[in-house]
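# Commentary on secondary and tertiary structure
Here's the letter readout for the chains.
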Amino acid sequence: MTRPGRSAYAPQEIEPKWQRIWAERGVMKANDDSPKPKFYDLVMYPYPSGDLHMGHARNYVMGDALARMKRMQGFEVLHPFGWDAFGLPAENAAMKHPGLHPEKYTLDNIAESKRDLKMMGILYDWDRELASCMPDYYRWTQWLFLLMLERGLAYRAKAPVNWCPVDKTVLANEQVINGRCWRHPDVEVEKRDLEQWFLKITDYADRLLDDLATLDKWPQKVRVMQTNWIGRSMGAEVDFAIDGLPGESVRIYTTRPDTLFGATFMVLAPEHPLVERITTEKHRARIREYVEKARKETEIERLSTERDKTGVATGGFAINPVNGEKIPIWVADYVLMTYGTGAIMAVPAHDERDFDFAQRYDLPIREVIAPPTGARKVLREAYVGPGVMVNSDGYDGLDSTVAFGKICDDLEKRGVGKRAVKYRLRDWLISRQRYWGAPIPIVYCPTHGIVPVPVDQLPVTLPREYRPLAEQPDWYRTKCPIGGEEARRETDTMDTFIDSSWYFLRYASPHDEREPFDPELANHWMAVDQYTGGVEHAILHLLYSRFFTKVLHDAGMLEVEEPFKRLFNQGMVKRFGQVMAKSAGNGVSIAQLSSEQGADAGRVYEMFIGPPEEDVEWSEAGLNGVVKFLQRVWRLVLEPESIDVSEGPMVAVDEVVLRRRVAQTIGRVTEHYDELRFNTAVAFLMELANTMQDYLQGGGARDASWADAVRTLVKLLNPLAPHICEEMWERLGEQGVLADASWPAFDRAAAVEPKVTLVIQVAGKVRDKLEVDAGLSEGDALKLALAREKVGAALNGRGPSKVIYVRDRLINLVP
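If you're wondering where the values come from, they're calculated on a predicted model, not measured in any experiment.

Okay, the overall build of the chain next. Along its length, the chain carries 27 helices and 34 strands. Across its three principal axes, the chain shows a C-alpha extent of roughly 105 × 85 × 45 Å. When each of the 815 residues of the chain is scored for burial, the buried share is 53%. Counting contacts in the chain only where the partners sit at least 6 residues apart, residues at least 24 apart contribute 72% of the total. Of the roughly 35,700 Å² of accessible surface on the chain, 51% is carried by carbon and sulfur atoms. Side-chain charges of the chain comprise 103 positive and 119 negative groups, with the mean position of each set lying 3 Å from the other.

Written as structure tokens, this is what we have:
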């Protein structure tokens, strides 16, 4: 029951009140000149999609909880927010609704999303808010493109590109997943030859790979994904002379020069420029037919493991440089011109694809590396591991890893090969044939060629009319910045991943009109101390952000070479077995949750629901359990007399035990908050609340120990349930807002459990004694007892049939 003169917990009343107070006081406004240690807490900025639901809110609550704790710990916290506001979703929505401009769609969604974030009590430094679609932001995106151009890192080239037939634009290699568009997993990407703009990310391949070793606070799986994407391999480039064509050769790249003696044929990609020249007249018609068919297929079709490898002999031969053997040259669709050199040496005994191909076309298979079990009499499959060299002339008997180096040395001496490093990573294609993006600041002049737009003419703004830029002559017709000739603007826009590759730097000085960011302020705040977001950005966004940071470091604008010290990838929130989504109809509305159970309940439940890095299932029962927990905390703090002492305590708790449990909870909650293990932190807070209730039900006095427990509980819960905690803090008569209060200090000595002697008997006879914590549970005590060697011997290796346990003193095991 509620004590007269006091009100029951009513989140609908207190939450708007505290949101207003926080905004008026600018609680999360960061001070660039503060003497406090800095903490840069950042969540990945989102695409503004309109109404947010609790699936979206998970990482925002995590970031907010950490920011609130760090602020109470005495850090100057930078916790900014913005919007990844360019891109296809807005443009596609506008296409479906004639008359709707992508800008209006985007800005309306930003307003709705911002309302929901504030309703959740999430505090950002809104003075630093940015939106990548605004000219005051993309002016500097264009400036950075020109910096890349000046440093030789931006170039235009005609190349085979990935084309999404649905979005009608090109895609970077990283945006093609298993041959399909990253936005449309069921749509196969096409290949087209187009003039496009690229960034030379490959110039940074080694640094991007090697510096992953410094990111020890990143998830291992993300570092592995980036390692594999960069795909550095060590091998050799080898020239195979063409029989009958003096001076001509085919260069291949192999990671296994130790298998060169096992090359029994060569395979060229259908697009290889030498195909026509080496093909004999007898095979020409068949080759041309095969090449034409292969060129019409996508890479995913050609590389599919679900169909047999096909090929056609050219009639030509190559000369194996290590043994002078003539080997036939084939054309096959499983070799791509865009990978390596467009040609391979086929070693069927030691490569699975080559083995299948050789069996299909009855080509020779020669073993040159014997596995540890010895040379094989019958070759039923490819052996791809290391071993001992066989059938390899003067290298026989060598370990294959040793032969690798010796063969490379011999090739280099003879001038037919050399060591080489290759990468899977390709240069970043940034051109997009869509309207809603940052225009590329380039002018094409008939006299001066490619001319960058002068910096003082930035931004090159989008025209108001929503149509592809290539269809707007009034926009693209311009004057050459050099000679004033009639010229044409570039009509492609930039990939939106350009916008997100540097936004975290703009937060340092979001209103700077002289440069993209103030280097002094950026160097003060960078690197980001905690970065939180989805693992779906492990390759695209994170790799590109690391690239931009390194370029800006080399340009003398940044001290750091890596943008994010610590990375956390939160799991997805599911409901009814599916990931929460508006399209699935299973989202939990933030507005509805706030009006019914309260935002604090949603915040705490979403953190308590399960390990934050794992996918979790939302349930109304679980949410209601958290509501009851908050109501109980309200009564403990403000209405302790309402606790029914007639029930008696679950466990006897005196003042000493209460103080110890408070100290332990401070240590545990602080550690688990800092590591974003919020689910276990909530569990510790629930345990403390239980201990406090037991203390009251056991007749505990409301003295200094109780007052300390109350205020500690309120402070520790505050990052997750800030509205209710601020209200309780105020009603306790404390001065100032709780957000400004200091974090409880951890007293390690006060948290130590007292020791007692645990006596272990078997059939009434003492077998062992242990010093253990006084509060050890029965289950843990039994585990300790059974693990002791003397006890196991007395039980003859069998478990006890009966256990008699006297807490803190005695365990008697009956065999």
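The structure having been displayed, the exposition proceeds.
In this section: the sheet that holds strand β21 (residues 442-445). Read from one edge of the open sheet, four strands run β22-β21-β24-β23, paired in antiparallel fashion. Since the sheet does not close on itself, it has two edges, and those belong to β22 (449-452) and β23 (477-479), each with one partner. In this sheet, adjacent strand axes meet at a mean angle of 40 degrees when their direction is disregarded. Direction of pairing for β21 relative to β22: antiparallel, over a ladder of four bridges. Pairing of V443 across the sheet is with V451, part of β22.

To continue, consider the pairing of strand β9 (residues 190-199). Bridge count for strand β5 (residues 154-164) against β9 is 10 bridges, and the pairing is antiparallel. Across the sheet, A154 pairs through a bridge with L199, a residue of β9. Relative to strand β19 (residues 428-429), β9 is paired through two bridges, and the arrangement is antiparallel. Within β19, the residue paired with L199 across the bridge is W428.

This brings us to the packing of aromatic side chains. Summed over the entire model, instances satisfying the criterion amount to 36 aromatic pairs. Between F39 and F75, the ring centres sit 5.9 Å apart and the planes meet at 65 degrees, which makes this aromatic pair edge-to-face. Of this pair, F39 sits in strand β1 (residues 38-43) while F75 is found in the loop between α2 (54-72) and β2 (76-78), placing the two residues 36 residues apart along the sequence. In this structure F39 comes out as buried when scored by relative accessible area, which is 8%. Both rings, one in F81 and one in W83, keep their centres 5.0 Å apart while their planes meet at 85 degrees; by these two values the pair is edge-to-face. Here F81 and W83 have matching classes, each one buried. Three or more aromatic residues joined by ring pairs make a cluster, and in this case those are Y45, Y503, F504, Y507, Y531 and F564. The residue whose ring lies beneath R424 is W229, and the NZ or CZ to ring-centre distance is 3.8 Å.

With that settled, consider the nonpolar core. Grouped together as the largest cluster of nonpolar side chains are 180 residues, with contacts concentrated most on W428, Y503, F547 and L630. Sort the elements by how many residues they give to this core and helix α22 (residues 678-697) lands first, with 11 residues.

This next bit is on the sheet that holds strand β33 (residues 802-806). As summarised here, the arrangement of the four strands in space is β32-β31-β34-β33, forming an open sheet in which the pairing is mixed. Two strands bound the open sheet, and with one partner strand each, they are β32 (765-773) and β33. The mean angle between the axes of side-by-side strands here comes to 15 degrees, regardless of whether they run parallel or antiparallel. Judged from the five bridges that link them, β33 and strand β34 (residues 810-814) form a sheet pairing that is antiparallel. Note that in β34 the partner of V803 across the bridge is L813.

Relative to the 26 Å expected for 18 residues at 1.5 Å per residue, helix α4 (residues 102-119) spans 26 Å between its end C-alpha atoms, a close match to the ideal helical length. Burial in α4 covers these residues: P102, E103, T106, N109, I110, S113, D116 and L117. Each buried residue of α4 sits inside an arc of 150 degrees when the element is viewed along its axis, so together they form one side. In this structure, the buried side of α4 is in contact with α2, β3 (82-83), α3 (88-96), β4 (130-131) and α18 (590-596). A positive backbone phi angle near 75 degrees is found at G121, which sits one or two residues after α4.

How each quantity is defined
Residues numbered from 1 in each chain as written. Predicted model: local features only at pLDDT ≥ 70, side-chain atom pairs only at ≥ 80, totals over all residues. Heavy atoms only, no water. Helix = DSSP H or I, 4+ residues; strand = E, 2+ residues; numbered from the N terminus. Buried < 20%, exposed > 50% of the residue type's maximum accessible area, 1.4 Å probe, protein only. Contact = heavy atoms within 4.5 Å. Areas by Shrake-Rupley, 256 points an atom, 1.4 Å probe, with all protein chains shown as cover. Lys, Arg positive; Asp, Glu negative; His and termini not counted. Charge placed at Lys NZ, Arg CZ, Asp CG, Glu CD. Pairing = 2+ DSSP bridges. Axes fitted to C-alpha atoms, helices over the stretch in contact; angles between N-to-C directions. Phe/Tyr/Trp six-rings, centres within 6.5 Å; stacked < 30°, edge-to-face > 60°. Lys NZ or Arg CZ within 6 Å of the ring centre and 35° of its normal. Core = buried A, V, L, I, M, F, W, Y, C linked by side-chain atoms within 4.5 Å. Expected span 1.5 Å × (residues − 1). Arc of directions from axis to C-beta.

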